[in-house]
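Structural overview for review
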Amino acid sequence: LRIWFMQALVSNSFLAGLPSEALDALVMAGERKRIQAGEKVISEGEKADACYFLVQGQATVLQNSRPINKLKTGDVFGEIALF
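Since we're looking at a predicted model, the values are computed, not measured. (Residues numbered from 1 in each chain as written. Predicted model: local features only at pLDDT ≥ 70, side-chain atom pairs only at ≥ 80, totals over all residues. Heavy atoms only, no water.)

To continue, consider the pattern of salt bridges. Using the criterion set out here, one finds one salt bridge in the structure. Across the pair Asp75 and Lys72 runs a salt bridge whose closest N-O atoms are separated by 3.5 Å. Judged by its relative accessible area of 17%, Asp75 is buried. (Salt bridge = Lys/Arg side-chain N within 4 Å of Asp/Glu carboxyl O. Buried < 20%, exposed > 50% of the residue type's maximum accessible area, 1.4 Å probe, protein only.)

Listed below in structure tokens is the structure:
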């Protein structure tokens, strides 16, 4: 799992420039959360307190119940909440 996570982080353009030590720190600080098909991760307008990395699979971003984006392995979402 750690290898999958590192591969997802390295493939992300937002994080690609970080040194390997920083990526490793993200892996160690994070926690694994398995999401089932159709399960909601976060809803628009909710207070965000986490950043999510899609390690495996895909996800759909909805706005007003309409799909506006597809996420794939290596994509990140919720990162703006951390800034």
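There's plenty left to go through after this.
Residue placement: Pro67 occurs in strand β3 (residues 66–72). Overall, Pro67 belongs to the exposed group, its relative accessible area being 60%. Setting aside anything within four residues of it in sequence, one finds Pro67 in contact with Thr60, Val61 and Leu62. (Helix = DSSP H or I, 4+ residues; strand = E, 2+ residues; numbered from the N terminus. Contact = heavy atoms within 4.5 Å.)

All right, on to the pairing of strand β2 (residues 58–63) then. Pairing geometry for β2 and β3, over six bridges, is antiparallel. Within β3, the residue paired with Leu62 across the bridge is Pro67. The hairpin formed by β2 and β3 contains two residues between the paired strands, and Asn64 there has a positive phi angle of roughly 55°. (Pairing = 2+ DSSP bridges.)

Turning to helix α1 (residues 2–10), its buried residues number three or more, namely Phe5, Ala8 and Leu9. Along α1, the residues classed as buried sweep out an arc of 100° about the axis, all on the same side. On the buried face of α1, the contacting elements are α2 (20–29) and β1 (52–53). (Arc of directions from axis to C-beta.)

Considering all chains together, one arrives at one aromatic pair under this definition. Each ring, one from Tyr52 and one from Phe77, has its centre 5.1 Å from the other, and the planes form 15°; the classification is stacked. In this pair, Tyr52 sits in strand β1 while Phe77 sits in strand β4 (residues 76–77), placing the two residues 25 residues apart along the sequence. (Phe/Tyr/Trp six-rings, centres within 6.5 Å; stacked < 30°, edge-to-face > 60°.)

With that settled, consider the nonpolar core. Judged by nonpolar contacts, Phe5, Leu9, Leu15, Leu23, Val27, Phe53, Val55 and Val76 together constitute the single largest core of eight residues. If you list the elements that add at least two residues to this core, you get α1 and α2. Sequence-distant contacts of Phe5, that is, excluding residues within four places in its chain, are made with Leu26, Val27, Phe53 and Val55. (Core = buried A, V, L, I, M, F, W, Y, C linked by side-chain atoms within 4.5 Å.)

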